[in-house]
Amino acid sequence: MNDTIARLRVQWSDPLLTALTVLLFIMLFVIAPLQASGIFLFQAFELFFAIILIGGVFVMSGSRIAGVAMFAALVMATTGGIFRLTAPSIFDLKLFAGAWLIMGITMACVVAPAVFGSGRVTYHHIMGAILLYLTIAVIFVALFTFIGSAVPKAFSGLTVEDSPALASNLIYFSFTTLTTTGYGDIFPVHPIARSLCNLESIFGQLYPATLLARLVTLELAHRDQS
């Protein structure tokens, strides 16, 4: 079993960076907005895509810890989906937020070494850098959900309640914060929410500069060795 996973990792590790980037992009910018329309089918698609995402991260890492963490996230998301259908409550949101937080942190820990590690800079590595950037936004979506569910008026213009549109709204707010766009239609009020927004903005500003510097360094090092 371990040998099979090792072979898959060697063969598919780099292509998986691109595949997972496309998958997460679809989940964030296609599935979530369509789910906001209230169509249940797209909620089922989200769970299906999450299963593929978990499998991809497990193959990339080859780590049982990563596999257990992603499986726990899947169980939490599935349980939250069942509760949402049978007895909707704020507990559903916390399960989903916990699932995405675990999934985001695990994926970041797996992808970061592949992106910033030594070796030639390829197309797949650049896609992995985009994946890591998207993952940062996902992690803060989960954190915003926790603070918004604990403090009802933590955000102005955004109510954190169990609704099909919530994920799309939080993704929108997270990316406007990460990119420091700040349209002003949603903004933090609670001190902890403001602190999280400041932290995400710092990540959003420092990440591109750090990434570009690292990629240039890796490419120059590869040319020197050629």
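Throughout this description, residue numbers start from 1 for each chain and increase along the sequence as written. The predicted origin of the model limits local features to residues at a pLDDT of at least 70 and limits the giving and counting of side-chain atom pairs to 80 or more, whereas totals for whole chains, interfaces and linings rest on all residues. Where side-chain values are given, they derive from all heavy atoms of the structure, hydrogens and water being excluded.

1. Things to note about the packing of helix 5 (residues 123–150) against helix 6 (residues 166–178)
Item 1. Orientation of helix 5 relative to helix 6, taken along the N-to-C sense of each, is 120 degrees, at an axis distance of 9 Å. Considered as vectors, helix 5 and helix 6 are oriented oblique to each other. Both helix 5 and helix 6 take part in a crossing whose hand is right-handed. Note on element contacts: helix 6 touches helix 5 through Leu170, Ile171, Phe173, Ser174, Phe175 and Leu178, opposite Tyr133, Leu134, Ile136, Ala137, Phe140, Val141, Phe144 and Thr145. For helices, the fitted axis covers only the stretch in contact; all axes are lines through C-alpha atoms, and the angles between them, taken along N-to-C directions, range from 0 to 180 degrees. Runs of E in the DSSP output that reach at least two residues are strands. Runs of H or I that reach at least four are helices, and both are numbered from the N terminus. The labels follow the angle: roughly parallel below 35 degrees, roughly antiparallel above 145, roughly perpendicular from 65 to 115, and oblique for the rest. Crossing chirality is assigned from the near helix's rotation relative to the far helix, an anticlockwise turn below a right angle marking it left-handed and a clockwise turn marking it right-handed. Any two residues having at least one pair of non-hydrogen atoms within 4.5 Å are treated as being in contact.

2. Some remarks on unusual backbone geometry
Item 1. With a phi angle near 55 degrees, Thr180 is a residue other than glycine that sits in the positive phi range.
Item 2. When you line up the elements, Thr180 lands in the loop between helix 6 and strand 2 (187–188).
Item 3. Burial classes follow relative accessibility: with a 1.4 Å probe on protein chains only, a residue under 20% of its type's maximum area counts as buried, one over 50% as exposed, and anything between as partly exposed. Its relative accessible area of 42% is what places Thr180 among the partly exposed residues.

3. Concerning the side chain of Thr145
Item 1. Examined against the element boundaries, Thr145 turns out to sit in helix 5.
Item 2. Owing to a relative accessible area of 6%, Thr145 belongs among the buried residues under this scheme.
Item 3. By the criterion applied in these results, polar contacts are pairs of N or O atoms within 3.5 Å in which, for protein atoms, one can donate a hydrogen and the other can accept it, and in which residues neighboring in sequence qualify only through two side-chain atoms. In this structure the side chain of Thr145 is engaged in a polar contact, spanning 2.8 Å, whose partner is the backbone oxygen of Val141.
Item 4. Sequence-distant contacts of Thr145, defined by excluding residues within four places in its chain, comprise Leu93, Ala97, Val160 and Leu170.

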